[in-house]
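Next come the chains, spelled out residue by residue.
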Amino acid sequence: MEAFVLLTMFLKHYPHFNNRPKRIISLVPSQTELLWHLGLEEETIAITKFCIHPSSWHSTKIKIGGTKNIHIDKITSLAPDLILCNKEENVQGQIEFLAEKFPTYMTDVNSYEQALEMIQAIGIITNKKAASNHLVEEISRKLQKNTHIVQHNTKTVYLIWKEPFMTVGGDTFISSMMEKAGFNNIFKDFKRYPTVTLSDIQAYSPAIIFLSTEPYPFKEKHKTEIESFFPKSKVFLVDGEVFSWYGSRMLYASKYFDELHQLISPC
């Protein structure tokens, strides 16, 4: 669902919401970093233990558990006037319970375009419209400047999990960012996060295999293992935050994608 549709639903559900929230709780790491970028230091009172950016917030802000296991009682005691959550990151039942007590804005980001809309919507909700619009313009400018052309030999698989192996379908933010980076997701006709086998991957003869640093922390030893199965493919460990964090982290994408292409095809 597009961000502005969700925004309309939010405002309809909370007709007395004041778009100058003073007690914000973020349940999503990438959106926590966005709040920091928008200058909401004082307003953001609590975050999850996985909200590692910025490091200063991670060490000083109140923690209310993990994204999938939030501490309802602690959140309630903090009396927030805005909770930011995400359809994919958080547990539906927990969010529905909180939404009955506090203004709760649920985001749903499945593409690059939806991520930009989400940034603008949160800017409106938090009274940071000018700052959020500027951020969207900056992200767009940087990524448009170095748009890469997808070639036939860039058939790529992006793995996010091991045992079982899981990849990304075409209806995900990660796949959308792969496209922006100039990589052809071989599983783009699949939905969400399909489980695959090494034989499934071999059937597509991928030119490139990406092993993401999150949510599964792929390491060099995994890279070596995969290379033994795919001697004709190039295997790389890639920064999962750049490919999967929607928000201000997208500012780093352009430079990272350029560096990745240089690593894959050095001049």
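Everything discussed here concerns the structure shown above.
Residues numbered from 1 in each chain as written. Predicted model: local features only at pLDDT ≥ 70, side-chain atom pairs only at ≥ 80, totals over all residues. Heavy atoms only, no water.

Colleague: Can you help me understand the packing of helix H2 (residues 29-37) against helix H6 (residues 112-125) in this one?
Modeller: Angle between the axes and distance between the axes: these two values describe a pair of packed helices. Taken N-terminus to C-terminus, the directions of H2 and H6 make an angle of 55°; their axes are 11 Å apart at the nearest point. Considering their axes alone, H2 and H6 lie oblique with respect to each other. Classified by chirality, the crossing of H6 by H2 is right-handed. Facing Gln 31, Leu 34 and Leu 35 of H2, the residues of H6 in contact are Met 118, Ile 119 and Ile 122. Its residues placed into classes, the contact of H2 with H6 shows five nonpolar, one polar and no charged. (Axes fitted to C-alpha atoms, helices over the stretch in contact; angles between N-to-C directions. Helix = DSSP H or I, 4+ residues; strand = E, 2+ residues; numbered from the N terminus. Parallel < 35°, antiparallel > 145°, perpendicular 65-115°, else oblique. Left-handed = near helix turned anticlockwise from the far one by under 90°. Contact = heavy atoms within 4.5 Å. Nonpolar A, V, L, I, M, F, W, Y, C, P; charged D, E, K, R; others polar.)

Colleague: Please clarify how empty space enclosed by the protein should be interpreted in this entry.
Modeller: A water-sized probe rolled over the atoms picks out the places where empty space is left. Per the stated rule, a full pass over the model turns up one cavity of 30 Å³ or more. Each pocket or cavity is described by its volume, and for the largest cavity that value is around 40 Å³. For the largest cavity, the lining is made up of 10 residues, of which Ala 3, Asp 108, Val 109, Gln 114 and Met 118 are closest to its centre. In terms of residue class, the lining of the largest cavity is built from six nonpolar, two polar and two charged. (1 Å grid on protein atoms, 1.4 Å probe; cavity = no way out; pocket = protein on both sides within 12 Å on 5 of 7 lines; lining within 4 Å. Points joined across faces, edges and corners; volume = space filled by probe spheres on them.)

Colleague: What's the story with the pairing of strand S10 (residues 208-212) in this structure? I'm lost.
Modeller: Within a regular strand, side chains alternate between the sheet's two faces. Burial analysis of S10 places five of its five residues in the buried class, the great majority of the element. On S10, burial covers both faces: Ile 208, Phe 210 and Ser 212 on one face and Ile 209 and Leu 211 on the other are all buried. As judged from the four bridges shared by strand S6 (residues 155-161) and S10, these two strands associate in the parallel manner. By the bridge assignment, Tyr 158 is partnered in S10 with Phe 210. The pairing of S10 with strand S11 (residues 234-238) spans five bridges and is classified as parallel. Counted as the bridge partner of Leu 211 is Leu 237 from S11. Handedness of the β-α-β unit built from S10, helix H10 (residues 220-229) and S11 comes out right-handed. (Buried < 20%, exposed > 50% of the residue type's maximum accessible area, 1.4 Å probe, protein only. Pairing = 2+ DSSP bridges. Right-handed = clockwise from strand over helix to strand, strands pointing away.)

Colleague: I tried to follow the nonpolar core on my own but got confused; where do I start?
Modeller: Proteins that are soluble and globular tend to have nonpolar side chains buried together. Tyr 105, Ile 139, Tyr 158, Phe 210, Phe 243 and Phe 257 are the most contacted members of the largest nonpolar core, which totals 55 residues. When residues no more than four places from it in sequence are discounted, the contact partners of Tyr 105 are Ala 3, Leu 6, Leu 7, Phe 10, Leu 82, Ile 83, Leu 84, Cys 85, Ala 121, Ile 122 and Ile 125. Core analysis: the next-biggest nonpolar cluster, separate from the first, contains 15 residues, Val 157, Leu 159, Ile 186 and Phe 187 among them. (Core = buried A, V, L, I, M, F, W, Y, C linked by side-chain atoms within 4.5 Å.)

Colleague: I'm lost on the packing of aromatic side chains in this one. Help?
Modeller: By convention here, two paired aromatic rings are described through the distance between centres and the angle between planes. With the rule as written, the count across this model stands at 16 aromatic pairs. Ring geometry for Trp 161 against Tyr 216: centres 5.4 Å apart, planes inclined by 80°, an arrangement best described as edge-to-face. Highlighted residues: Trp 161 in strand S6 and Tyr 216 in the loop between S10 and H10, separated in sequence by 55 residues. A cation over a ring is seen here: Lys 61 above Trp 57, with NZ or CZ 4.8 Å from the ring centre. (Phe/Tyr/Trp six-rings, centres within 6.5 Å; stacked < 30°, edge-to-face > 60°. Lys NZ or Arg CZ within 6 Å of the ring centre and 35° of its normal.)

Colleague: Could you clarify how one ought to interpret H2 in this entry?
Modeller: For the α-helix, the turn length of 3.6 residues means that residues three or four positions removed from each other point alike. Within H2, seven of the nine residues are buried, which leaves it mostly tucked inside the rest of the structure. Turning to H2, its buried residues number three or more, namely Pro 29, Ser 30, Gln 31, Thr 32, Glu 33, Leu 34 and Leu 35. Looking one or two residues past H2, Gly 39 carries a phi angle of roughly 85°, positive in sign.

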